[in-house]
Amino acid sequence: MKLIVGLGNPGKEYDGTRHNTGFFMIDNYLKYKGISGTWRDKFSGLYLDANINGEKVIFLKPQKFMNLSGEVVRDFVNFYKIDISDILIISDDLDLNVGNFKLKCKGSSGGHNGLKDIEKNLGTNHFNRIKVGIGSIKNGSGPDYVLGKFSSDDLNLLKDVSDTINLALDDYFKHNFDYILSKYNRKNK
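What counts, and where the lines are drawn
- Residues numbered from 1 in each chain as written.
- Predicted model: local features only at pLDDT ≥ 70, side-chain atom pairs only at ≥ 80, totals over all residues.
- Heavy atoms only, no water.
- Buried < 20%, exposed > 50% of the residue type's maximum accessible area, 1.4 Å probe, protein only.
- Helix = DSSP H or I, 4+ residues; strand = E, 2+ residues; numbered from the N terminus.
- Pairing = 2+ DSSP bridges.
- 1 Å grid on protein atoms, 1.4 Å probe; cavity = no way out; pocket = protein on both sides within 12 Å on 5 of 7 lines; lining within 4 Å.
- Points joined across faces, edges and corners; volume = space filled by probe spheres on them.
- Nonpolar A, V, L, I, M, F, W, Y, C, P; charged D, E, K, R; others polar.
- Core = buried A, V, L, I, M, F, W, Y, C linked by side-chain atoms within 4.5 Å.
- Contact = heavy atoms within 4.5 Å.
- Phe/Tyr/Trp six-rings, centres within 6.5 Å; stacked < 30°, edge-to-face > 60°.
- Expected span 1.5 Å × (residues − 1).
- Salt bridge = Lys/Arg side-chain N within 4 Å of Asp/Glu carboxyl O.

### Section: the pairing of strand 4 (residues 55-62)
Right, on to step 1. The buried fraction of strand 4 is high, at six of eight residues.
Right, on to step 2. Bridge count for strand 3 (residues 45-52) against strand 4 is eight bridges, and the pairing is antiparallel. For Asn-51, the partnering residue across the bridge sits in strand 4 and is Lys-56.
Right, on to step 3. Here strand 3 hands over to strand 4 after two residues, with Asn-53 in that stretch at a positive phi of 55°.

If you want it as structure tokens, here you go:
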């Protein structure tokens with residue numbers, strides 16, 4: 001069983017914000033695969049399960065704010081007895097330009113509050129992740145930037161990169177994580 005977590009903030013006011021890139025990537029993948037169903041609520045998270053290549057996969061969007069999303073992930077991991085190696089977290093990243101992403105199998109949170117809380121609640125930073133570039137802060141504060149909306153140009157870049165992430169997720173369900181690390185990791189443009 002695999003757990004695919006898209007990070008974001010709950011509520012309509014956060015739809016389309018940079019910080020909700022994880023939600024966007026999950027929704028885009030499900031649409032790409034033609035997976036539909038009713039999102040259910042459990043442990044303060046919206047989840048949808050599917051069978052991909054003969055394996056149960058849970059797609060999860062935590063419905064606590066970003067800095068508490070680790071509690072939701074922990075509760076799903078404990079309830080479903082999911083191995084840490086079968087978790088994949090999709091989050092936004094300020095250190096990557098829009099249109100870029102990076103896969104990692106461990107590492108620091110890089111200052112990302114959602115990843116920091118997941119690390120705290122799982123007791124490890126050895127979990128798979130896809131970090132999706134949202135660009136760096138040009139003007140204003142960090143919270144204003146990450147909670148702001150993408151420009152139309154950036155949104156087009158995000159949609160382009162999501163197509164590649166869809167392919168990476170397809171491969172994730174067929175191969176080990178090292179395979180997709182070597183196949184898909186990209187440098188900043």
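### Thoughts on the layout of surface pockets
Right, on to step 1. The volume enclosed by the second largest pocket comes to roughly 220 Å³.
Right, on to step 2. For the second largest pocket, the lining is made up of 14 residues, of which Gly-16, Asn-20, Phe-23, Phe-24 and Asp-27 are closest to its centre.
Right, on to step 3. Every element with two or more residues in the lining of the second largest pocket is listed here: helix 1 (21-33) and helix 5 (152-172).
Right, on to step 4. With four residues, the top contributor of residues to the lining of the second largest pocket is helix 1.
Right, on to step 5. Residue composition of the lining of the second largest pocket, grouped by class: six nonpolar, five polar and three charged.

### A few points about the nonpolar core
Right, on to step 1. Counting residues in each nonpolar core, the largest one holds 33 residues, and the members touching the most others are Ile-4, Phe-59, Ile-130 and Phe-173.
Right, on to step 2. Per element, the largest residue contribution to this core is six residues, and it comes from helix 5.
Right, on to step 3. Those residues in contact with Phe-59 that sit more than four places away from it in its chain are Ile-4, Ile-26, Tyr-29, Leu-30, Trp-39, Leu-46, Tyr-47, Leu-48, Ala-50, Ile-52 and Phe-173.

### So, the packing of aromatic side chains
By convention here, two paired aromatic rings are described through the distance between centres and the angle between planes.
Right, on to step 1. Scanning the entire structure with this criterion turns up eleven aromatic pairs.
Right, on to step 2. Centroid distance Phe-43 to Phe-76: 5.6 Å. Interplanar angle 85°. Geometry classified as edge-to-face. A residue pair is termed long-range when its members are at least 10 positions apart, and Phe-43 in the loop between strand 2 (40-42) and strand 3 and Phe-76 in helix 2 (residues 69-80) qualify at 33 residues.
Right, on to step 3. Phe-43 sits in the partly exposed class, given a relative accessible area of 31%.
Right, on to step 4. Since its relative accessible area comes to 0%, Phe-76 is described here as buried.
Right, on to step 5. With a centroid separation of 6.0 Å and 90° between ring planes, the pair formed by Tyr-172 and Phe-177 is classed as edge-to-face.

### Observations regarding helix 1
Right, on to step 1. Here helix 1 contains 13 residues, and its C-alpha end-to-end distance of 18 Å stays within 8% of the 18 Å for a straight helix at 1.5 Å per residue.
Right, on to step 2. If you check which residues of helix 1 are buried, you get Thr-21, Gly-22, Phe-23, Met-25, Ile-26, Asn-28, Tyr-29 and Leu-30.
Right, on to step 3. Contacts made by the buried residues of helix 1 are with strand 1 (2-6), strand 3, strand 4, strand 5 (87-93), strand 7 (128-133) and helix 5.
Right, on to step 4. Directly beyond the C-terminal end of helix 1, a positive phi value near 70° is found at Gly-34.

### Looking at the pattern of salt bridges
Right, on to step 1. Inspection of every chain in the model, using the stated rule, returns twelve salt bridges.
Right, on to step 2. When the shortest N-O distance is used, the salt bridge between Lys-2 and Asp-86 registers 3.4 Å. With Lys-2 in strand 1 and Asp-86 in the loop between helix 2 and strand 5, this residue pair connects regions lying 84 residues apart in the sequence. With respect to burial, Lys-2 and Asp-86 carry one shared label: buried.

### A few points about the environment of Leu-167
Right, on to step 1. For Leu-167, the location among the structural elements is in helix 5.
Right, on to step 2. On the basis of relative accessibility, which here comes to 43%, the residue Leu-167 falls in the partly exposed class.
Right, on to step 3. The spacing of Leu-167 and Ile-180 is 13 residues in sequence and 9.6 Å in space, taken between C-alpha atoms.
Right, on to step 4. Not counting residues within four places of it along the chain, the set of residues in contact with Leu-167 comprises Tyr-32 and Tyr-184.

Fair warning: the whole summary comes from geometry, so function is off the table for now.
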